[in-house]
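# Residue-level structural notes
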Amino acid sequence: MTIITIQSLKKDFGIKEILKDASFSIDDNDKVGLIGVNGSGKSTLLKILSGLEPYDSGEMVVKSGAKIIYLPQQPEIEPNNTVLEQVFAYSGEQMQWIKEYEDLSHHIAHADSVTQEKLLDKLAKVTEKINAANAWDAETNAKIILDKLGISDFDAKMGDLSGGYRKRVALASALMAEPDLLLMDEPTNHLDAESVQWLQEYMQKFSGAIFLITHDRYFLDQVTTRILEIDRADMYGYAGNYSYYLEKKALAEESVASSQRKHQGVLRRELEWLKKGPKARSTKQKARIDRVYDLKDKEFKQTQSKVEIDTPSRRIGKKVIELHNISKSFGDRTIIKDFTYEFAPDDRVGIIGGNGVGKSTLMNLIMTKIEPDKGKVEIGSTIHIGYFDQHSDDLITAAQNEQRAIEYIKDVATYIETSDGSQISASQLLERFLFTPNQQYSPIAKLSGGEKRRLFLLRMLISNPNVLILDEPTNDLDVQTLAVLEEYIESFKGCVVIVSHDRYFLDRTVETIFAFESNGNLRQYPGNYSVYLDYKKKQEKKLQEEKTANSKITKQVKNIEEKESKSSTTIRKMSTYQRRELEKLENKIIPDLESKKVDVESKLHSNSDDYEKLHQLTQELAKINENIDKATAKWMELSELS
């Protein structure tokens, strides 16, 4: 069944057209990926679908009663909520019932007998609601999801969490709500690789529909079954995953280019005929002349411009950056311990590890922004570092936000030398980087988050660094820009150090992995991220096999010891009294106790409103259970003798 239907939707921000005639639908179980360059209107479309942003014209029909949850890049939270309370923000009254149950239980334990009776009545009603809604299971599931997303303190206040952790809690909240349609804007931002892998597998099994924006191409490829692309206000649909989209997109662009070449050939021949000065004496000749003018007026939509990075390289010496036995701690916590490495001029290093383990700290040590507690960092005299920060807010200052984009680039250079020795203007370079003339002369503050990151990346690259240090460069960059950045890194004549959770990006760009392990240990692995994963899987399999083998040996040793113990022990014979006692337990005592237990349990259900009787029966049942345990233990002892 269709959840949302869009017909001829239009959206315009005055200086920029976002959608001109978009039509599509989202059905049950659809897994849709939305792509397009930064600033093309992807986030705006998600806001329109969620009802937060108006559209100019067209029609949007939403299925009656459909539950739609929108997860933005910067989710709103209630700062006084605990993590667990925030997770149930979209899940109705379940968390309130659980909290009420816990509060009532606490008060019952400290109340007098009269108050206890009233509280017990309330407790019974709340318990009934919790059981009917399976709320106990919901709380357990919420804790499992939070744990998988790297959050273990369920009582922490939301206001005390970083932006990354707030996003994780909001993601858990959206998943727990089990909506008919889940709208997600960059859900993998701020997640480490393990959490992204878990989320990918969770989304594959998700029963509702998904409409998402993400730069993670592995995630996009594995989760989505349909791709929508916004290309200069036009929308195109592809019935397949990201790999299918790339294949069909290439064919479509080649088809357009071929049609344009054929059109130009026909037009050239017709113009040559026209230059000969034919007289329009016949209807046929007049029609042909009209067709020539029609051919001249026909417009083809040009293939989307590609982001181009074309800057010369700066000379790099033999000595790049050397880390000599460095260590760094914060309080009692060791971040890095006794790490040594000499970066080579052509190194491609990827740094991985969970959130908070110390990846950014290592970056700051490498750039000498902070000093190690022990050891030293040496940087070569020819080294010029280009640093790309993971925090968008830190890239462009408040004052720079008021600048025009072209002024921001001209602060570095008015004319930029390209790799072939020619020069282009700042405006031409901005056009290569997909900034239209209107955007170039608009304040930076009006650009989207992704466009700001692309602008900062351009400014950093035209300063001609010979060492690139990129801290989570894939955050908020569109897949088109990422593909070109990967190609740039591949041809870059210098050293590259990357912190990233983007598996696809790491596979394309690095040749060595630094992995943060326990107690500040930083271990090196040759190869890209996939090679590292294969090694870790083989290592885990080997450890499991060793554990299984050790378990078998331990079991064999235990069996031998038990046999030796039995053979060395004289087996006692049962007395006549013990045999009679065993028979009595089997045939009389234990069956009678079990019968009494069933009778008391039946009375408990029928007297649930009489609290005095309920208390008496509960004590009686506890005594019966105690006697059953004693009788069973005695029976087992005598059975062994027999």
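In this report, the structure presented in the accompanying data block is examined. (Residues numbered from 1 in each chain as written. Predicted model: local features only at pLDDT ≥ 70, side-chain atom pairs only at ≥ 80, totals over all residues. Heavy atoms only, no water.)

## A short note on the overall build of the protein
Of regular secondary structure, the protein possesses 22 helices and 20 strands. Burial status across the protein gives 43% buried among its 642 residues. Across the protein, every contact between residues at least 6 apart in sequence was considered, and the portion connecting residues at least 24 apart equals 67%. Carbon and sulfur atoms provide 47% of the accessible area of the protein, an area that totals close to 34,900 Å². (Helix = DSSP H or I, 4+ residues; strand = E, 2+ residues; numbered from the N terminus. Buried < 20%, exposed > 50% of the residue type's maximum accessible area, 1.4 Å probe, protein only. Contact = heavy atoms within 4.5 Å. Areas by Shrake-Rupley, 256 points an atom, 1.4 Å probe, with all protein chains shown as cover.)

## Quick notes on helix 11 (residues 359–366)
Taking burial as the measure, the eight residues of helix 11 include six buried ones, the bulk of the element. If you check which residues of helix 11 are buried, you get Lys359, Thr361, Leu362, Met363, Leu365 and Ile366. Within two residues after helix 11, Thr368 carries a phi angle of roughly 60°, on the positive side.

## Here we look at the packing of aromatic side chains
What the rule picks out here adds up to 14 aromatic pairs. A centroid spacing of 5.1 Å and a plane angle of 40° characterise the contact between Trp198 and Tyr202, whose relative ring orientation is tilted. Taken together, the residues Trp198 and Tyr202, both in helix 7 (residues 193–205) and four residues apart, mark about one turn of the helix. Looking at Trp198, the relative accessible area reads 15%, which means it is buried. Both rings, one in Tyr525 and one in Tyr532, keep their centres 5.0 Å apart while their planes meet at 70°; by these two values the pair is edge-to-face. Neither Tyr525 nor Tyr532 differs from the other in exposure class; each is buried. An aromatic cluster of three or more residues is present, and its members are Phe339, Tyr341, Phe343 and Phe514. We note Lys249 situated over the ring of Tyr236; from NZ or CZ to the ring centre the distance is 5.9 Å. A cation over an aromatic ring shows up here: Arg459 above the ring of Tyr408, its NZ or CZ 4.3 Å from the ring centre. (Phe/Tyr/Trp six-rings, centres within 6.5 Å; stacked < 30°, edge-to-face > 60°. Lys NZ or Arg CZ within 6 Å of the ring centre and 35° of its normal.)

## Considering the pattern of salt bridges
Enumeration over the complete set of coordinates arrives at 20 salt bridges. Between Asp338 and Lys374 there is a salt bridge, with its nearest N and O atoms 2.8 Å apart. Linking Asp338 in strand 11 (residues 333–342) with Lys374 in strand 13 (residues 374–379), this pair joins segments that are 36 residues apart in sequence. Judged by relative accessible area, which is 41%, Lys374 ranks as partly exposed. When the shortest N-O distance is used, the salt bridge between Glu626 and Lys630 registers 3.5 Å. Taken together, the residues span about one helical turn, with Glu626 and Lys630 both in helix 22 (residues 611–641) at a distance of four residues. Within the structure, one salt-bridge network assembled from shared partners comprises Arg217, Glu486, Glu490 and Arg508. (Salt bridge = Lys/Arg side-chain N within 4 Å of Asp/Glu carboxyl O.)

## Structural notes on the packing of helix 6 (residues 163–176) against helix 7
Between helix 6 and helix 7, the least distance of the axes is 13 Å, while the angle of their chain directions is 15°. By the angle between their axes, helix 6 is roughly parallel relative to helix 7. Relative to helix 7, the crossing made by helix 6 is left-handed. Across the interface between the two elements, Arg168, Leu171 and Leu175 from helix 6 touch Ser195, Trp198, Leu199, Tyr202 and Met203 from helix 7. (Axes fitted to C-alpha atoms, helices over the stretch in contact; angles between N-to-C directions. Parallel < 35°, antiparallel > 145°, perpendicular 65-115°, else oblique. Left-handed = near helix turned anticlockwise from the far one by under 90°.)

## A look at the sheet that holds strand 9 (residues 234–238)
Strand order in the open sheet formed by six strands is 5-6-7-3-8-9, with mixed pairing between adjacent strands. Of all the strands in the sheet, just strand 5 (68–71) and strand 9 have a single pairing partner and so form its edges. Strand-to-strand twist in this sheet, taken as the mean axis angle between neighbours without regard to direction, amounts to 15°. Judged from the four bridges that link them, strand 5 and strand 6 (residues 181–185) form a sheet pairing that is parallel. The residue bridging Tyr70 from the neighbouring strand is Leu183, located in strand 6. (Pairing = 2+ DSSP bridges.)

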